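Each chain is listed here by its residues.
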Amino acid sequence: MTASTAMERTTLTSSTWRPDQAVVEVLVGEPVSLDRLMDAVRESQRLLSAESVGPATPELLAQSAQSVFRVLATAYPRLHENPARAYELGLQLGLQQSRRSESARSQPDPVTWEVAEQGSLVMTIKDAGFDGVAGQLLSLFSLIGEDPHEPDVSTASLRNLAAFLAEHPGLPPPSVGLDPNGYVDAEWTLPDDSLVVMVFLPDDRIRCVAIGSVDASGTRHRRDILEMLKPLPFGAA
Amino acid sequence: MILVEGEHLPRSDHASRYLSSSRLVDGLPRATAFTRAEGDTCPISVNWLEQLKEPDRESEIGRVREALAPKLTMTKRGRIVVLNVGDAIAAVEDTSSCVISFVHEPEEGDDSHAGIHGYPDEDKEQELLISTTLKRLIAADDVYLALPSP
């Protein structure tokens, strides 16, 4: 069965968001037991808190889709190996969401589509040659699902990171994480033990600090940030 | 020496901070581990370890876990990291234009609670610089499991 065929079989109940087992199997790339799948759904509902699971409001469906995505990414680690599958799953969640009514089809829920866009951005990062960074980001999405106090990933910040890496495919791969705002941050430890840190702001600017052989700090547009780091071997990459 | 609330921690003493998994890289703090969310002007929360009067570091960390448990959802991937107060103050003076201080601010059920003061509220670059500086002081030996192994 292809993913697109599977998507045609998507079902959506009126009271809860329920992913189709066959669809998830195709996207996860391994057999999925119904029990395990429903555990993931229940876990997502637990995250949403029991009292909020009632009538299938657009907001609830969107939240459910997002949390099921995260729980599944934790339950099925192979999703981490293949950002394309994760992206498809994100799209699938968006598709399910968009099928709940004709009006929703023309006005996709922003929260759900944000999940799909995040998957797309991870693919962009992978396509730019930063496979490890893409894997770290998917792990990060899972970690956020585990801890209700973690901030949500800022899609605009992720977009900024993806654009930066795509514009500089020769850079060494950074380690990526999240700051308390949900903005993506990236760190590079250079051969001379200098540390370069960038926080990707949601407005195409980057806040940057370098400590070590050359100290520098500043906030600049993405296209100008490497100029600031020119004295370091990093800037020449 | 007995300190009262609001007094500065001695430079020879140590402070710990809980970090969730997204603020760690390879088990060590990320550079943004000691930054605050936009609009947050509160001091960075830490615990003053010597105030706990325990015989060793493991016991101190155990007490910190107990104090934090009602306030935070600590996860098995989270870590508690330890800083020397004097080293932190000196390093930040060295790399930034700021002067930080560690101030005892006990809370209900958390007597050893303290805050790192001196962060500039309007200068996020300096805040990132401070945080990056503090991160570089913490080695693997200064990192403890947030939830002890069973």
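Starting afresh in each chain, residues are numbered from 1 along the sequence in its written order. All chains are assigned letters beginning at A, and all ligands numbers beginning at 1, according to the order in which they are written. With the structure being a predicted model, the display of local features is reserved for residues of pLDDT at least 70 and the display and counting of side-chain atom pairs for 80 or more, all residues being used for whole-chain, interface and lining totals. Note that water and hydrogens are dropped before the side-chain values are worked out from all heavy atoms of the structure.

Participant: When you look at the layout of surface pockets in this model, what are you seeing that I'm missing?
Facilitator: The gaps of empty space that remain are located by a probe, the size of a water molecule, rolled over the atoms. Approximately 680 Å³ is the volume found for the largest pocket. What lines the largest pocket is a set of 29 residues, and nearest its centre among them are R17(B), Y18(B), R23(B), S45(B) and L72(B). Within the residue set of the lining of the largest pocket, elements represented by two or more residues are β1 (14–19) and β4 (44–48) of chain B. If one sorts the elements of the lining of the largest pocket by residue count, β4(B) sits on top with four residues. In this classification, the charged set is Asp, Glu, Lys and Arg, the nonpolar set is Ala, Val, Leu, Ile, Met, Phe, Trp, Tyr, Cys and Pro, and all remaining amino acids, among them Gly, are polar. Per-class residue counts for the lining of the largest pocket are 12 nonpolar, eight polar and nine charged. Built from parts of two domains, the lining of the largest pocket gets at least three residues from each of domain 1 (3–150) and domain 2 (169–237) of chain A. Grid points spaced at 1 Å and placed over the protein atoms alone form the basis of the search, with a cavity being a set where a 1.4 Å probe fits but cannot get out and a pocket an open set showing protein on both sides within 12 Å along at least five of seven lines. Lining residues have an atom within 4 Å of a point. Grid points are joined across faces, edges and corners, and a volume is the space filled by probe spheres set on the points. Put simply, DSSP marks the helices as runs of H or I at least four residues long and the strands as runs of E at least two long, and each gets a number from the N terminus on. The source of the domain bounds is an automatic or database domain assignment.

Participant: When you look at the pattern of salt bridges in this model, what are you seeing that I'm missing?
Facilitator: Salt bridges are defined as contacts in which a side-chain nitrogen from Lys or Arg sits within 4 Å of a carboxyl oxygen from Asp or Glu. Inspection of the entire model under this criterion finds 15 salt bridges over all chains. Of the charged contacts in the structure, one is a salt bridge between K135(B) and E187(A), with a shortest N-O distance of 3.0 Å. A residue pair is termed interchain when its members come from two chains, as with K135(B) in helix α3 (residues 124–137) and E187(A) in strand β2 (residues 184–189). In this structure, K135(B) and E187(A) share a single accessibility class: buried. Measuring nitrogen to oxygen at the nearest pair gives 3.1 Å for the salt bridge that ties E127(B) to R36(B). Note that E127(B) is positioned in helix α3 and R36(B) in the loop between β3 (28–29) and β4, a separation of 91 residues in sequence. Remark: exposure states derive from per-residue accessible area (1.4 Å probe, protein chains only) relative to the maximum for the residue type, with buried under 20%, exposed over 50%, and partly exposed in between.

Participant: Quick question: what am I supposed to make of the nonpolar core here?
Facilitator: Residues and elements named next belong to chain A. Only buried Ala, Val, Leu, Ile, Met, Phe, Trp, Tyr and Cys residues count toward a nonpolar core, and they belong to the same one when joined by side-chain atoms within 4.5 Å. If you look at the biggest cluster of nonpolar residues, it comprises 38 residues, and the most contacted ones within it are L137, F164 and M198. Counting residues per element, the ones that place at least two in this core are α8 (110–127), α9 (131–146), α10 (155–167), β1 (175–178), β2, β3 (195–200), β4 (205–211) and α11 (225–228). Here this core gets eight residues from one element, more than from any other, and that element is α9. Counting residues domain by domain, this core receives three or more from each of domain 1 (3–150) and domain 2 (169–237). Any two residues whose heavy atoms approach within 4.5 Å are treated as being in contact. Those residues within four positions of L137 in sequence are excluded, and the remaining contacts are V122, I125, L158, L161, V176 and V184.

Participant: What should I look at first to understand the sheet that holds strand β5 (residues 79–84) of chain B in this one?
Facilitator: Strand pairing in a sheet is mediated by backbone hydrogen bonds. Such pairs are either parallel or antiparallel. Residues and elements named next belong to chain B. Taken in spatial order, the six strands of this open sheet run β6-β7-β4-β1-β5-β8, and their pairing is antiparallel. Lying at the two open borders of the sheet, with one neighbouring strand each, are β6 (101–104) and β8 (143–145). Strand-to-strand twist of the sheet, defined as the mean angle between neighbouring strand axes without regard to direction, takes the value 35 degrees. Two strands qualify as a pair provided DSSP detects at least 2 bridges between them. Where β6 and strand β7 (residues 113–117) come together, four bridges link them in antiparallel fashion. Following the sheet pairing, S101 is matched in β7 by H117. Axes, fitted as lines to C-alpha atoms, cover a helix only where it is in contact. Angles between the N-to-C directions of the axes lie from 0 to 180 degrees.

Participant: How should I be thinking about the interface of chain A and chain B in this particular structure?
Facilitator: Counting residues at the interface gives 29 residues for chain A and 23 residues for chain B. Throughout, buried area stands for the accessible area (probe radius 1.4 Å) lost by two parts on being put together, summed over both. For the chain A face of the interface with chain B, the top three residues by lost area are P180(A), R207(A) and I211(A), together amounting to 23%. Across the salt bridge formed by E187(A) and R30(B), the nearest N and O atoms sit 3.8 Å from each other. Under the rule applied, a polar contact is a pair of N or O atoms within 3.5 Å (in protein, one hydrogen donor and one hydrogen acceptor; residues adjacent in sequence only if both atoms are side-chain atoms). Counting every contact that joins chain A to chain B gives nine residue pairs in polar contact (both at pLDDT 80 or more). Of all the secondary-structure elements, those providing two or more residues to the side of chain A that touches chain B are α9, β1, β2, β3, β4 and β5 (216–221) of chain A.

Participant: What should I look at first to understand the sheet that holds β1(A) in this one?
Facilitator: Strand order across the open sheet formed by five strands is β1-β2-β3-β4-β5 (chain A), with antiparallel pairing between neighbours. The two strands at the open ends of the sheet, each matched to only one other strand, are β1 and β5 of chain A. Taken over all neighbouring pairs, the strand axes of this sheet differ in orientation by 20 degrees on average, direction set aside. Bridge analysis of β3(A) against β4(A) gives six bridges, and the strand direction is antiparallel. Residue L195(A) lies in a different strand from β4(A), and its bridge partner there is I211(A). Where α10(A) meets the sheet, it contacts β1, β2, β3 and β4 of chain A, and its direction lies at approximately 130 degrees from that of β3(A). Packed on one face of the sheet, α3(B) meets β2, β3, β4 and β5 of chain A and runs near 40 degrees to β4(A).

Participant: Honestly, the confidence of the model for chain A in this entry has me stumped. Any pointers?
Facilitator: Low pLDDT means the predicted coordinates in that region are not meant to be read closely. All names here are of chain A. For chain A, the average pLDDT comes to 70, and 51% of its residues sit at 70 or higher. Known as pLDDT, the predictor's per-residue confidence is scaled from 0 to 100. Element-level mean pLDDT values for chain A span from 30 in helix α1 (residues 3–8) up to 96 in β3. With pLDDT under 50 throughout, residues 48–58 is counted as low confidence; its partners more than four residues away or in other chains account for 18 contacts.

Participant: Where do I start with unusual backbone geometry in this structure?
Facilitator: Backbone phi values are negative for most residues with the exception of glycine, while trans is the configuration of most peptide bonds. Backbone geometry at D193(A) places phi at a positive 75 degrees, although glycine is not the residue there. Phi angles above zero are rare outside glycine, and D26(B) is one such case at about 50 degrees. As for its placement among the helices and strands, D26(B) is situated in the loop between β2 (24–25) and β3. Look at D26(B) and you get exposed, because its relative accessible area is 79%.

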